[in-house]
Amino acid sequence: VQLQASGGGLVQAGDSLSLSCAASGGRFRDYTMAWFRQAPGKEREFVAAIKGPASTLRYADSVKGRFAISRDNSKSTVILQMDNLRPEDTAVYYCAASRTVIVSSMMGDQAYAYWGQGTLVTVSS
């Protein structure tokens, strides 16, 4: 599956931004979809994931209550709605996909075989 992330940009603290990831080349509904991010000089970290027909969700503690992940299987798209953005949310955001990840491994980047190119989110204070 190929992934194309979009929607990044420069915003101010407290603003909202929506990232989109369009998938192609696979049966989208079969994939667990996730967002990760990597800030300058830091390791890549998990942000959010959504799995299965029951839409099992996982969020990093740092974004709980501010970010929401959703998917539209009819459009093969996963959305990351980010509200109340903070300067520490500044990073390149990557979408990822996996057909085989289990619930207990949803937050680990090693579980995802497919990655998009990343989109930059910059939050100014």
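Refer to the structure above for everything that follows.
Being a predicted model, the structure only gives us computed values, none of them experimental. (Residues numbered from 1 in each chain as written. Predicted model: local features only at pLDDT ≥ 70, side-chain atom pairs only at ≥ 80, totals over all residues. Heavy atoms only, no water.)

### As for the pairing of strand 9 (residues 91-98)
Burial runs high along strand 9: seven of the eight residues are buried. Strand direction decides the pairing type here: strand 9 and strand 10 (residues 114-115), joined by two bridges, are antiparallel. Note that in strand 10 the partner of Ala 97 across the bridge is Tyr 114. (Buried < 20%, exposed > 50% of the residue type's maximum accessible area, 1.4 Å probe, protein only. Helix = DSSP H or I, 4+ residues; strand = E, 2+ residues; numbered from the N terminus. Pairing = 2+ DSSP bridges.)

### Some remarks on the environment of Ser 104
With respect to the helices, strands and loops of the structure, Ser 104 is situated in the loop between strand 9 and strand 10. Relative accessible area serves as the criterion here: at 67%, Ser 104 is assigned to the exposed category.

### A word on the state of the cysteines
A complete count under the given rule lists one disulfide for this structure. One disulfide in the model links Cys 21 with Cys 95; its S-S distance is 2.1 Å. Since a negative S-S torsion denotes a left-handed disulfide, the Cys 21-Cys 95 link at about 55 degrees is right-handed. With Cys 21 in strand 3 (residues 17-24) and Cys 95 in strand 9, this residue pair connects regions lying 74 residues apart in the sequence. (Disulfide = S-S within 2.5 Å.)

### Some points on the sheet that holds strand 8 (residues 77-82)
What the four strands build is an open sheet, ordered 1-3-8-7; its pairing is antiparallel. This sheet does not close on itself; its edge strands, each paired only once, are strand 1 (2-6) and strand 7 (67-72). Averaged over all adjacent pairs, the angle separating strand axes in this sheet is 15 degrees, with direction ignored. Note that strand 3 and strand 8 share six bridges and pair antiparallel. Note that in strand 8 the partner of Leu 17 across the bridge is Met 82. (Axes fitted to C-alpha atoms, helices over the stretch in contact; angles between N-to-C directions.)

### Regarding the pattern of salt bridges
For the structure shown, the criterion picks out six salt bridges. Salt-bridge contacts for Asp 30 lead to Arg 27; the nearest nitrogen and oxygen are separated by 3.2 Å. The exposure class of Asp 30 is partly exposed, given its relative accessible area of 31%. On the basis of relative accessible area, Arg 27 is assigned to the exposed category, the value being 52%. Here Asp 61 and Lys 64 are joined by a salt bridge, their closest N and O atoms 3.2 Å apart. Connected through shared salt-bridge partners, Arg 37, Glu 45, Arg 66 and Asp 89 make up one network. (Salt bridge = Lys/Arg side-chain N within 4 Å of Asp/Glu carboxyl O.)

### Digging into the packing of aromatic side chains
In this description, an aromatic ring pair is defined by two values, namely the gap between the centres and the angle between the planes. Scanning all chains against the criterion turns up four aromatic pairs. In textbook terms, an aromatic cluster arises when at least three aromatic residues are bridged by ring pairs, as seen for Phe 36, Phe 46, Tyr 112 and Trp 115. Above the face of the Trp 115 ring, Arg 44 is positioned so that its terminal group lies 3.9 Å from the ring centre. If you follow Arg 71 out to its NZ or CZ, it ends over the ring of Phe 28, 4.6 Å from the centre. (Phe/Tyr/Trp six-rings, centres within 6.5 Å; stacked < 30°, edge-to-face > 60°. Lys NZ or Arg CZ within 6 Å of the ring centre and 35° of its normal.)

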